Amino acid sequence: MVHYILRRLLYMVVTIFFISIVGFVLIQLPPGSALSAKIAQLRALGGDLSQDQIRSLEERYGLNDPIQVRYVRWVTGAIHGDFGQSFTFDAPVNSLIWSRIGFSVLLSGCAIIFAWVVSIPIGVYSATHRYTIPDYIVTIIQFVGVAVPDFLLALLLLVFASQVLHTDVGGLFSTRYVNAPWSWGKFLDLLQHLWIPVVVIAAGSTAWLTRVMRANLLDVLNQQYVQTARSKGLTEGVVVWKHAVRNALHPLCMALGQQLPALISGEVIVSIVLNLPTTGPLYISALLNKDMYLGITFLIMLSILLVVGNLLADLLLAWVDPRVRLE
Amino acid sequence: MATAKAIPLPERQRTAATDVGQVSQFTLMRRRFMESKLSVFGGIVLIGMYVMAAVAPFLSPYPYDALDSNNQFAAPTPIYFVGIHPVICGTTQTLDKSTFTWVYTADCSKLYPVRFFVHGYSYTLFGVIPSDLHLFGVDPPAKLYLFGADSQGRDVLARVLEGSRISLTIGLLGVAISVVLGSIMGTISGYLGGAADNLIQRFIELLMSMPTLPLWAALAAALPQDMSVVRRYFYITIILSLVTWTGLARQVRGKVMAYRTLDYTLAARLAGASPLRIIFTHMLPNAISHIIVVATLAVPFSILGETALSFLGLGMLPPAVSWGVLLRDAQQVQVVEQHPWLLIPAAFVIIAVTCYQFLGDGLRDAADPYS
């Protein structure tokens, strides 16, 4: 077990190393240096920049060095916790990300919990009542749920909340709480704003997980040990929940590994529509504006989350199902 | 909680025909597929959508890019019936001085009949047949906007149909490439095993850990700027298919590894069949149904992906016309409240994606007729 984890960790380091190289090259692939936008911005703000000023800016950010030198410098910094400077925001990448990541994790964490809490019972019901009217309804909702674009769902919920519920929506707080210190009222206000993004982020994965849960449970229910459990005289509830469901959870555990990076990237569109102060919009803006250090930091962060998530998923799987052997 | 009786019989007892073993696997698959009403329905709707895309200009009374400042944000034209003949009222456009928006008032003193098979603007059908025939139209100066008009007075119906030509097809080649690549790599990995398998699996893990959004952004910015938007998007989908084959490769590998231990493979090997023959005649036919299903289910996600990317500004941009581009006009709450017909393209996205899923789901059930 320890041996297995150590070997996986080693693979992870190698993977991240390769991805950091590919990512570093990739981020700088688009023409136009990351600084040109910055220079244009400075020009727009305060008239002309002399050639000297441009050169000194380039030197300060080390943009004239060959790419491998820049890479080594960035990695050395990153290992010490310094991820470089964002050109567009004129702030250290570190503080930019840290100031927003809390809300991202909160939002997506709630969304994952929501998806699991909703999809498992519905999936189980749908499987144990196959080919009944509720099953058909659930099935159709699942398909449509996957098919509705995120931003559309967010828009419709916004309209619904403002027209029908008459609540103030958009953002994470009402205006009077934005800059207020934390209090019970602020917390309640947050909850009131939180449900729309949580529902939107969770919608797609809820629909998908329900379908997976249903399909798996149907497979498991046909197996002999389930018949055995029934013929022993166990109640149907025990048979389904203790014997069958447990073995139907595999793919959900596997999917959990993929969901860790979704903590960051899953909320991009929703956050833009609802104007939320999370990392998603920052990520997109970094990519669109070729803000390279911010972009590469996000890229590495997402890959690390993915490989760590996959390892955790494998360990979780081995823990849930003793038949799974880690080799 | 269900009783034991409520648990349905396994599928095999319901569907097993007595002539199993006498009909081909394909016939069994078709029978099983036809049983699933939703999938057949999905398939028919999709065929309808592709036909509509193919004959888009015939179905649209006006060109998709014809501007009309007299009809900005015109609502869908209401259709009335005189006897069995559909007619529309003329409309007049006035400026609301307090809100500075155009207001349209119907003027039903003069009725315009909706005519069928009328001659209008000319186009070439299927790229070869020149024609100016349109399914319906009204005499000018009246205009028939079945789905309303956008901010420039362009016909939303024509734009949705034109958009479907791109949205329904642009992802197909990318999906095809990633499916072929995934099948080949998965088969090699599963059949050879050992060091080759290990190498391919590590490579797959590497690709899988690579976030695709930065790749997309980098390619979008790096491809030559003089390329048309549609062409650039198309190239990106193809380049990205070189990254997205990994999931299928894993599944095919698993299947091939399982087949390798089966008796019939052993028998083939003992009979002196070459590895290529074993792969192509004994393994791939077994895995092909699964591959088709994965391909069918990948297409709707490419359609959805296009709308999401266009939303983020990484996908297609005007003047290209696709469903994603059309939905860029419907991003604000005000739009949804004031010009809800701009959301009609979303309905098409939802229908297309849902039907593809119905189809894929039915194929999945049909894929393994012996289960």
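Bear in mind that the values here come from a model prediction, so they are computed numbers and not experimental data.

Calculation rules
- Residue numbers run consecutively from 1 along every chain, following the written order of its sequence.
- Here chains are named by letter from A upward and ligands by number from 1 upward, in the order in which they appear as written.
- Owing to the predicted nature of the model, reporting of local features is limited to residues with pLDDT of at least 70; listing and counting of side-chain atom pairs is limited to 80 or more, with chain, interface and lining totals taken over all residues.
- Strands are runs of DSSP state E lasting at least 2 residues, helices are runs of H or I lasting at least 4, and numbering of each runs from the N terminus.
- We call two residues in contact if the C-beta atoms placed from their backbones are at most 7 Å apart.
- What counts as an axis is a line fitted to C-alpha atoms, over the stretch in contact for a helix, and the angles between N-to-C directions run from 0 to 180 degrees.
- Geometric relationships in this document are graded by angle, where less than 35 degrees denotes roughly parallel, more than 145 denotes roughly antiparallel, 65 to 115 denotes roughly perpendicular, and other angles denote oblique.
- Each crossing gets its hand from how the near helix is turned against the far one by less than a right angle, where anticlockwise is left-handed and clockwise is right-handed.
- For this classification, the nonpolar set comprises Ala, Val, Leu, Ile, Met, Phe, Trp, Tyr, Cys and Pro, the charged set comprises Asp, Glu, Lys and Arg, and every other residue, Gly included, is treated as polar.
- Each domain span listed reflects an automatic or database assignment of domains.

Now for the overall build of chain A. A tally of regular secondary structure across chain A gives 14 helices and two strands. Contacts spanning at least 24 positions in sequence make up 74% of the contacts within chain A whose residues lie at least 6 apart.

Moving on, we come to the packing of helix H5 (residues 93-128) of chain A against helix H14 (residues 292-320) of chain A. Residue and element names in this part refer to chain A. Where H5 meets H14, the axes come as close as 10 Å, and the angle between the chain directions of the two elements is 50°. In terms of their interaxial angle, H5 and H14 are classed as oblique. Between H5 and H14 the crossing geometry is right-handed. Residues Val93, Leu96 and Ile97 of H5 pack against Tyr293, Leu294 and Thr297 of H14.

Here we take up the interface of chain B and chain A. Opposite the 36 residues of chain B that make contact, chain A presents 45 residues. Secondary structure elements with two or more residues in the side of chain B that touches chain A: helix H7 (194-208), helix H8 (212-222), helix H12 (275-312), helix H14 (333-338) and helix H15 (344-367) of chain B. Of the residues belonging to the side of chain B that touches chain A, the class tally is 27 nonpolar, seven polar and two charged.

What follows covers the packing of helix H6 (residues 133-147) of chain A against H15(B). Running from N to C, H6(A) and H15(B) point in directions that differ by 130°, and their axes come no closer than 8 Å. Classified by the angle between their axes, H6(A) and H15(B) sit oblique to one another. For H6(A) against H15(B), the interelement crossing comes out right-handed. Only Ile350(B), Val353(B), Thr354(B), Gln357(B) and Phe358(B) of H15(B) make contact with H6(A), whose side of the interface consists of Phe143(A), Val144(A), Val146(A) and Ala147(A). A breakdown of the residues in the contact of H6(A) with H15(B) according to their chemical character gives seven nonpolar, two polar and no charged.

Another point: the domain arrangement of chain B. Residues and elements named next belong to chain B. Domain annotation of chain B identifies domain 1 (43-50 + 158-366) and domain 2 (68-153). Each of domain 1 and domain 2 has a C-alpha centre, and the two are 38 Å apart. Domain 1 puts six residues into the contact, and the matching count from domain 2 is seven residues. Per-class residue counts for the side of domain 1 that touches domain 2 are four nonpolar, one polar and one charged.

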